[in-house]
Amino acid sequence: MSTSSHQIGWKTAAAIVVSNMIGTGIFTTLGFQLSDITNTYSIFLLWSIGGVLALFGAFCYAELGSHFKGNGGDFIYLKETYHPIFGYLISWISLIIGFSSPVALAALAMSKYLSVFDYSFGNGFAIAAIFLVAIALSFSLKTSSRFHNFFTFIKIAFIIVLVILGVRISNSPQIGNSLNFSDSWQNEIMLPAFATSLVFVTYSYTGWNSASYIAGEIKDVQKNLPKSLIIGTVFVTVSYILVNYIMLKHAPVNQLAGKEDVMGEAAVNMLGPAFGKIVNIFIALQLIATISGYLWVGSRLTQAFAKHTHIWKPLSSGNAKGIPVRAIFAHAVIAAIIILTGSFKEIFVYTAFILQLFASLAISTVFFLKKKDRKIFKSNAFHIFPAVFLLFSIYILYFTFIHNPKESLIGLGIIAVGIILYLIDRRLSKGYQT
């Protein structure tokens, strides 16, 4: 049990939520959406739905985090509610996909945004960036904290300044914009592309559950966990809609559609080539906080998971300062392999697909909580939250599978490998520790 001096309040917990959520997705996915969805109302609706789903998911995780006290998040919920194999699988997914893929995607996005300087920052740069961050996190908790807090401050300050500038500066009539407030949204929301666009959006909101992983370290968890999840998620939702508005306002569809560095394109139009390049630098810098955050949290979860396995046992060791260096570099190596084996969009789709699937499984465990066991939401109307989340998840997963079968099958293949490893691990250790 943590003492109060080693516990955090709702503000720190909310900051963790914000820094984990704002990363690659918001600065890269609009270009993929504009390939099929061009109405501004449709785009805003996509990001609003993503925010509502994240908020409903946060409500569920707040209840689960208050009931299953301690750290672990969905690992605990799935293991305790269903079967130890689900706890093993979510830990396997966290190692291979959940925390390593976002690191890979953030590093790839960094190299893409920095390519504005007429130099090809390719995969080598992305991999080097990951290992440099891993090294920075390997000395001590104090060094790691200073490093992460510095880049998280840049992230939040950059978003606020960007939104203020983007809203206040007028768009250039010569360049044009992507704003379209016609009635075409009524047709677009019925398209399969609307559902597949949601998979990019839900990935961009990944991290809304991050505070639940450290529920055991939050003061007055029944009050402060839901507060931090809700405030963090609402802040990010508003920020995301405003950032999308800025990109649509300052660049035409044909300049953004299919591009990854969409914010960079809009920034050059908005501020001119010189200042536009500065925006690209800040996007790259704030992505360092994304890499740092995922390596930090992911390594701790992997270390905890590894202690109870045979195959992954070596990853449970820490250095003299208690830093899980082996787990940090395991995530870094896996992220490097991901970069070398797929395109940005391919990695994005199978990562989003598999994370949506396991988030749905974790959310479903809330139905097993009896009314008397719920600490925050006592009304039976509470079940609206998981029901809406799961219905939208089924809708997103179905259309993603239909329209991106290759990426979806890659995701399912990774799960299948996890099942095989669980069976091998169980046999090797003569009884998996639950």
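As named in an unreviewed UniProt entry, the protein chain is Amino acid permease, taken from Chryseobacterium cucumeris. You can read under Subcellular location (unreviewed entry) in the UniProt record for the protein chain the words "Membrane".

Let us now look at the overall build of the protein chain. Along the backbone of the protein chain there are 18 helices and zero strands. Scaling as 2.2 N^0.38, a compact globule of 434 residues should have a C-alpha radius of gyration of about 22 Å, and the protein chain matches this with 21 Å. Principal axes of the C-alpha set define a box for the protein chain whose edges measure 70 × 50 × 45 Å. Counting over 434 residues, the protein chain shows a buried share of 57%. Expressed as a percentage of contacts within the protein chain between residues at least 6 apart in sequence, the contacts between residues at least 24 apart total 82%. Per element, the accessible surface of the protein chain, about 17500 Å² overall, is 66% carbon and sulfur.

Take the pattern of salt bridges next. For the structure shown, the criterion picks out three salt bridges. For Glu80, the salt bridge goes to Lys79, with nearest N and O atoms at 3.4 Å.

Structurally, the position occupied by Leu391 is in helix α17 (residues 384-403). A residue is classified by how much of its surface remains accessible, and Leu391, at 61% relative accessible area, is exposed. Spatially, the C-alpha atoms of Leu391 and Ser360 are 9.4 Å apart, while their sequence positions differ by 31 residues.

Another aspect to go through is the packing of helix α6 (residues 84-98) against helix α15 (residues 325-341). Helix-helix packing is described using two parameters, namely the angle between the two axes and the distance between the axes. Interaxial distance between α6 and α15 falls to 9 Å at its minimum, and their mutual angle equals 55°. Classified by the angle their axes make, α6 and α15 are oblique. From α6, Ser94, Leu95 and Ile96 reach across to α15, where they touch His331, Ile334 and Ile338. When its residues are assigned to classes, the contact of α6 with α15 shows four nonpolar, two polar and no charged.

Let us now look at helix α9 (residues 141-168). Since the α-helix advances by 3.6 residues per turn, residues separated by three or four positions end up pointing in the same direction. With 28 residues, α9 should cover 40 Å at 1.5 Å per step; its first-to-last C-alpha distance of 40 Å lies within 8% of that length. Its buried side turned inward, α9 meets α1 (10-21), α2 (24-28), α8 (123-136), α12 (221-249) and α14 (262-306).

Take Thr196: it is sitting in helix α11 (residues 192-204). Judged by relative accessible area, which is 14%, Thr196 ranks as buried. If we skip the residues at most four places from it in the chain, Thr196 touches Phe399, Thr400, His403 and Asn404.

So, about a nonpolar patch on the surface. Where nonpolar side chains cluster on the molecular surface, the patch consists of Tyr398, Phe401, Ile402, Leu409 and Leu412 and spans about 470 Å² of accessible area. Elements supplying a minimum of two residues to the nonpolar patch: α17 and α18 (405-428). Per-element accounting of the nonpolar patch gives the leading share, three residues, to α17. Checked against the element boundaries, Leu412 lands in helix α18. Owing to a relative accessible area of 33%, Leu412 belongs among the partly exposed residues under this scheme.

With respect to the helices and strands, the residue Ser408 is situated in helix α18. Leaving out residues up to four positions away in the same chain, Ser408 has contacts with Phe353, Thr400 and Phe401.

So, on to the packing of aromatic side chains. Tallied over the entire structure, the rule returns 29 aromatic pairs. Ring geometry for Tyr88 versus Tyr422: centroids 5.3 Å apart, planes at 70°, classification edge-to-face. Within this pair, whereas Tyr88 is found in helix α6, its partner Tyr422 is found in helix α18, the two being separated by 334 residues in sequence. Judged by relative accessible area, which is 0%, Tyr88 ranks as buried. Here the aromatic rings of Phe344 and Phe348 are separated by 5.7 Å at their centres, their planes lie at 50°, and the arrangement is tilted. Within this pair, Phe344 and its partner Phe348 are both found in helix α16 (residues 344-364), separated by four residues, close to a single helical turn. This pair shows no difference in class: Phe344 is buried, exactly as Phe348 is. Through a chain of ring-to-ring contacts, the aromatic side chains of Phe32, Phe200, Tyr203, Phe344 and Phe348 assemble into a single cluster.

On to the packing of α16 against α17. Across the interface, α16 lies against α17 with an axial gap of 10 Å and an inter-helix angle of 150°. Classified by the interaxial angle, the pair formed by α16 and α17 is roughly antiparallel. As α16 packs across α17, the resulting crossing turns out to be left-handed. When α16 is examined against α17, the residues Val349, Phe353, Gln356, Leu357, Ala359, Ser360, Ile363 and Ser364 are found in contact with a partner set consisting of Pro386, Phe389, Leu390, Ser393, Ile396, Leu397, Thr400 and Phe401. Residues belonging to the contact of α16 with α17 are distributed by class as follows: 11 nonpolar, five polar and no charged.

With that settled, consider the environment of Ile93. With respect to the secondary-structure elements, Ile93 resides in helix α6. You can call Ile93 buried: its relative accessible area is 2%. Separated by 321 residues in sequence, Ile93 and Ile414 place their C-alpha atoms 7.8 Å apart. In this structure, Ile93 is in contact with Gly98, Ile354, Leu355, Phe358, Ile414 and Ile415, ignoring residues within four places of it in sequence.

Within the secondary structure layout, Pro192 lies in helix α11. Placed 199 residues apart in sequence, Pro192 and Leu391 show a C-alpha to C-alpha distance of 16 Å. Each residue touching Pro192, except ones within four places of it in the same chain, is listed here: Phe399 and His403.

Reading the values: the criteria
- Residues numbered from 1 in each chain as written.
- Predicted model: local features only at pLDDT ≥ 70, side-chain atom pairs only at ≥ 80, totals over all residues.
- Heavy atoms only, no water.
- UniProt positions renumbered as here; feature names shortened; annotations may be inferred.
- Helix = DSSP H or I, 4+ residues; strand = E, 2+ residues; numbered from the N terminus.
- Rg over C-alpha atoms; globule rule 2.2 N^0.38 Å.
- Buried < 20%, exposed > 50% of the residue type's maximum accessible area, 1.4 Å probe, protein only.
- Contact = heavy atoms within 4.5 Å.
- Areas by Shrake-Rupley, 256 points an atom, 1.4 Å probe, with all protein chains shown as cover.
- Salt bridge = Lys/Arg side-chain N within 4 Å of Asp/Glu carboxyl O.
- Axes fitted to C-alpha atoms, helices over the stretch in contact; angles between N-to-C directions.
- Parallel < 35°, antiparallel > 145°, perpendicular 65-115°, else oblique.
- Nonpolar A, V, L, I, M, F, W, Y, C, P; charged D, E, K, R; others polar.
- Expected span 1.5 Å × (residues − 1).
- Patch = residues over 30% accessible without salt bridge, like charges linked within 9 Å, V, L, I, M, F, W, Y side chains within 5 Å.
- Phe/Tyr/Trp six-rings, centres within 6.5 Å; stacked < 30°, edge-to-face > 60°.
- Left-handed = near helix turned anticlockwise from the far one by under 90°.

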